[in-house]
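# Architecture and fold: a report
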There are 2 protein chains.
Amino acid sequence: MSKLHVEFPAAAMYTDGSRTADWQAAAKRAHDQLHGRSGPGQEWLGWLDPPSPDDEETRRIAEAAEEIRARADALLVIGIGGSYAGARAAIELLTPPFSSQLPREQRKGPDVYFLGQNLSASYINSVLSILADKDVEINVVSKSGTTTEPALALRIAREWMIKKYGRQEAATRIIATTDRTQGALRRFAESEGWRMLAVPADVGGRYSVLTAAGLLPMSVAGLKIGEMLLGAQEASVEYAMPDLDANGCYRYAVWRNELYRQGKQIELLAAYEPAFCAFAEWWKQLFGESEGKDGKGIFPAAAQFSTDLHSLGQYIQDGPRHMFETVLWVELTGSELLVPFIEEDPDGLNYLTGKSVCEVNEQAYRGTIEAHQDGKVPNLLLTLAQLDERHVGHLFYFFEKACALSGYLLGVNPFDQPGVEAYKGKMFKLLGKPGWTV
Amino acid sequence: MSKLHVEFPAAAMYTDGSRTADWQAAAKRAHDQLHGRSGPGQEWLGWLDPPSPDDEETRRIAEAAEEIRARADALLVIGIGGSYAGARAAIELLTPPFSSQLPREQRKGPDVYFLGQNLSASYINSVLSILADKDVEINVVSKSGTTTEPALALRIAREWMIKKYGRQEAATRIIATTDRTQGALRRFAESEGWRMLAVPADVGGRYSVLTAAGLLPMSVAGLKIGEMLLGAQEASVEYAMPDLDANGCYRYAVWRNELYRQGKQIELLAAYEPAFCAFAEWWKQLFGESEGKDGKGIFPAAAQFSTDLHSLGQYIQDGPRHMFETVLWVELTGSELLVPFIEEDPDGLNYLTGKSVCEVNEQAYRGTIEAHQDGKVPNLLLTLAQLDERHVGHLFYFFEKACALSGYLLGVNPFDQPGVEAYKGKMFKLLGKPGWTV
């Protein structure tokens, strides 16, 4: 049994069966490019074979995490983009909401806070004031060490740590996740005496969730990273063959490209648990940055259902037909909560008495699929049997590989991001950075 | 001086000047429909004249909030859609992040938690477990009282309150915001002896942020609702005239309709402070639900910059040219935080030494506008001089009125939401609700 059930209801895949053979051939070509390491961005395929739970690097990550868990109330993770989104996604998916407000013994581990993902002074000040009374360790995540947002946050946080702990102890409380051999952050860490973990040179930021970039913060937060890697390894085996009929990951990649050719321009990732909110942000970066280039690409958007059925629901149902949905459903959310009975039935809900909230959520999910199909919004259903590390590791890999294949099908390099430099150049000029006059 | 500066850089409004007169005429017609209360949805215009800080209803709201502030550590707001999004938007904009983790004396007021906006059992359980040791009051917000999500949450929360406080005291700790004369929630509240506040019958959910639906939770959280209403009143005067040259709100409505006709299908609301995240959700409902019908409407999406410049940035810069941006910028964020100097300049950031983080954020903002204009993404800039209740009240009204006018320009009824019923009917059938066989 796969950890992820992939289902295309109402035969929404490629309505004209005549294109099936073409898509199979295209998927085979893309697959060969990927596994033959012969396509654009071929130097960025380190994620294709997920690390093992028993690898030396995995053990080093787990050991570093254990040290931090023993010493700290809070971990401050400094990073942006792929050095931020994956860790946050996994932690929010697998940690109860509001758990930072619970007593330490009821939590899975130290709180994880994020810094360096924006340039908001009020945000930075708020985080530091919350940390004032806590035992803090820092994990700075950056391949280069020169990206403005995290580098600036690191300067501020380092100075704050030195004030709090003194120079010597502060240095023992910072761990840098960076390139194995080069870069400004590696040199900085060496000169300061910080511990270090490595991001493989052949893994780009948005594909780095299952490297130290994502795994250290997850492990500090109490997530079972060995299970997560096992889930990814199982997925890598399951999605290793080019045959579309046997490969749900590739079918998803083909399906979205077929819909794109049919004029669908927006993909909505919809989940029925609010815990998927940060995961959707990770997904938006993965697909948006991989495919949004050369004037092409599906716009990645996200929704939380049933919340947003009372917000975007009207638009999805009756607006322009330029959208399709990828729906995440979790079968067991691990919580029994029943609808209470009230004799007078003041709200007409007594017909639900004895049903669980999960069952009501499930029928909202099934009803919405029917309603959106009636409204001509194609739906893909991705079902996880439960929400744990093994399943989430599978899901990360599923989307990474689908995105790589999808980018090749679209005819772009899914591993570069030339457009991200545009605002940086303009900003450097405005800030008076030496040498920037663009 | 307006509280909101509206700027169309690079003359992005309607590039072909010949259409200016047509748009002026169309705006005049829409304006007359709105103010003459003669257009579609004319029975839903109660928001057009914002209440005064001195109104009796405003005073009742403020008094109820004071009582709750005196008695409670936490307010649980039960609502969905417009009975949820506005309060959350304002509170997150005007309360420092993570403030629920600060000691009570450092906070503006009781924590506000939201329930009934989803069907997630694990979310509901988490909220209730956080509240176990707190003094709790409940504000249930629903016009009808029969919407599944909040009605179900109310049943659960009511039972939980009765267990915690006993039936009699629980009843004194619940306040219902509902229709003034009718509906299931009004009858329920009467039979239980709950206090009540009214949502005017002529204001729909997504336009209700400046009624008791939004104002009570805001006031409990310590926001100055009188100032917010003043800001809205100022805006209602400023945007009362149909002349486009003098009315930035109408120019915005025209601009987005012109771009829509030119083929732009996605509007991205981008802000440079993470506090705007929930505000963007309010905005997405306002525009998505008002305009997404009859096969028409711009897809409302949101981004947090500079965070998402490392995520969606690539897509915005180089993807399909079917998008425009509405950018929110706050001039004074009220926080001085300087870039520290490091002798060895390990990250090449010494050129920023002595600059504030706010200045760096500002140049990211200016640089991004230039970069996106180079990339043919039309930009509208909305600048708030500062982030306080007066300015936020202005901003709420600005978008509400722009949305109403924009809907009329688009040729839809901006005040109905027929498509929201579709999933409900399917769900009711699946849940076995008597009488539903659709």
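Residues numbered from 1 in each chain as written. Chains lettered and ligands numbered in written order. Predicted model: local features only at pLDDT ≥ 70, side-chain atom pairs only at ≥ 80, totals over all residues. Heavy atoms only, no water.

### Quick look at the interface of chain B and chain A
Contacts between the two partners involve 120 residues from chain B, matched on the other side by 120 residues from chain A. Here chain B meets chain A over a buried area of about 10000 Å², counting both sides, of which 64% is carbon and sulfur. Per-residue buried area on chain B facing chain A is highest for Arg-155, Phe-299 and His-310 of chain B; these three make up 9% of the total on that side. In this assembly, chain B and chain A are joined by 10 salt bridges. Residue Glu-370 of chain B pairs with Lys-429 of chain A through a salt bridge whose shortest N-O separation is 3.3 Å. The tally of links between chain B and chain A comes to 49 residue pairs in polar contact (both at pLDDT 80 or more). When residues of the side of chain B that touches chain A are assigned to their parent elements, the largest contribution, 13 residues, is made by helix H12 (residues 357–374) of chain B. Its residues assigned to classes, the side of chain B that touches chain A shows 56 nonpolar, 38 polar and 26 charged. (Contact = heavy atoms within 4.5 Å. Buried area = accessible area lost by both parts, 1.4 Å probe. Salt bridge = Lys/Arg side-chain N within 4 Å of Asp/Glu carboxyl O. Polar contact = N/O pair within 3.5 Å; in protein donor to acceptor, adjacent residues only side chain to side chain. Helix = DSSP H or I, 4+ residues; strand = E, 2+ residues; numbered from the N terminus. Nonpolar A, V, L, I, M, F, W, Y, C, P; charged D, E, K, R; others polar.)

### Some points on the domain arrangement of chain A
Residue and element names in this part refer to chain A. For chain A, the assigned domains are domain 1 (4–38 + 230–410) and domain 2 (47–223). Each of domain 1 and domain 2 was reduced to a C-alpha centroid, and the two centroids are 30 Å apart. Counting residues at the interface gives 28 residues for domain 1, matched by 24 residues for domain 2. Run the count over domain 1 and domain 2 and you get 2 salt bridges. The partner of Arg-37 in a salt bridge is Asp-49, with the nearest N and O atoms 3.5 Å apart. At the junction of domain 1 and domain 2, the tally comes to 6 residue pairs in polar contact (both at pLDDT 80 or more). Elements represented by at least two residues in the side of domain 1 that touches domain 2 include exactly helix H1 (20–35), helix H8 (225–238), helix H10 (277–291) and helix H13 (389–410). The element best represented in the side of domain 1 that touches domain 2 is H13, accounting for 9 residues. (Domains from an automatic or database assignment.)

### Some points on the pairing of strand S1 (residues 4–7) of chain A
Residue and element names in this part refer to chain A. Only one face of S1 is buried: it carries Leu-4 and Val-6, and the other face, with His-5 and Glu-7, is open. Where S1 lies against strand S10 (residues 379–386), 4 bridges are found, and the strand directions are antiparallel. Pairing of Leu-4 across the sheet is with Leu-384, part of S10. (Buried < 20%, exposed > 50% of the residue type's maximum accessible area, 1.4 Å probe, protein only. Pairing = 2+ DSSP bridges.)

### So, the sheet that holds strand S5 (residues 174–179) of chain B
Residues and elements named next belong to chain B. Overall, parallel pairing links the 5 strands, which are arranged S3-S2-S4-S5-S6 in an open sheet. A strand with exactly one partner marks an edge of an open sheet, and here the two such strands are strand S3 (111–115) and strand S6 (195–199). Going across the sheet, the axis of each strand differs from the next one's by a mean of 20°, ignoring polarity. For strand S2 (residues 74–78) and S3, the ladder comprises 5 bridges, and the chain directions are parallel. In the sheet register, Leu-76 faces S3, and the bridge partner there is Tyr-113. Each of S2, S3 and strand S4 (136–141) is contacted by helix H4 (residues 121–131), which is oriented at about 155° to S3, the strand it contacts most. (Axes fitted to C-alpha atoms, helices over the stretch in contact; angles between N-to-C directions.)

### Looking at the relation of the copies chain B and chain A
One chain copy maps onto the other through a rotation about an axis and a shift parallel to that axis. Overlay of chain B on chain A (RMSD 0.0 Å): rotation 180°, translation along the axis 0.0 Å. Seen this way, the second copy is the image of the first under a two-fold rotation axis. Considering only C-alpha atoms, the part of chain B nearest the rotation axis is Gln-101 of chain B, at 3.3 Å. Most of the interface of chain B is mirrored in chain A, where 100% of its interface residues are also at the interface. (Least-squares fit on C-alpha atoms with pLDDT ≥ 70 in both.)

### Observations regarding the pattern of salt bridges
As a working rule, side chains carrying opposite charge can pair if their charged atoms are close by. According to the stated counting rule, one finds 63 salt bridges over all chains in the structure shown. For the salt bridge of Lys-424 of chain A with Glu-421 of chain A, the shortest nitrogen-to-oxygen distance reads 3.6 Å. In this pair, Lys-424 of chain A and Glu-421 of chain A are both assigned in helix H14 (residues 421–431), 3 residues apart and thus about one turn of the helix distant. Residue Lys-424 of chain A is classed as buried on the basis of its relative accessible area of 14%. A salt bridge links Arg-195 of chain B to Glu-137 of chain B; its shortest N-O distance comes to 3.1 Å. Taken together, the residues Arg-195 of chain B in strand S6 and Glu-137 of chain B in strand S4 connect sequence positions 58 residues apart. Each of Glu-67, Arg-71, Asp-135, Glu-137, Glu-169, Arg-173 and Arg-195 of chain A takes part in one network of salt bridges that share partners.

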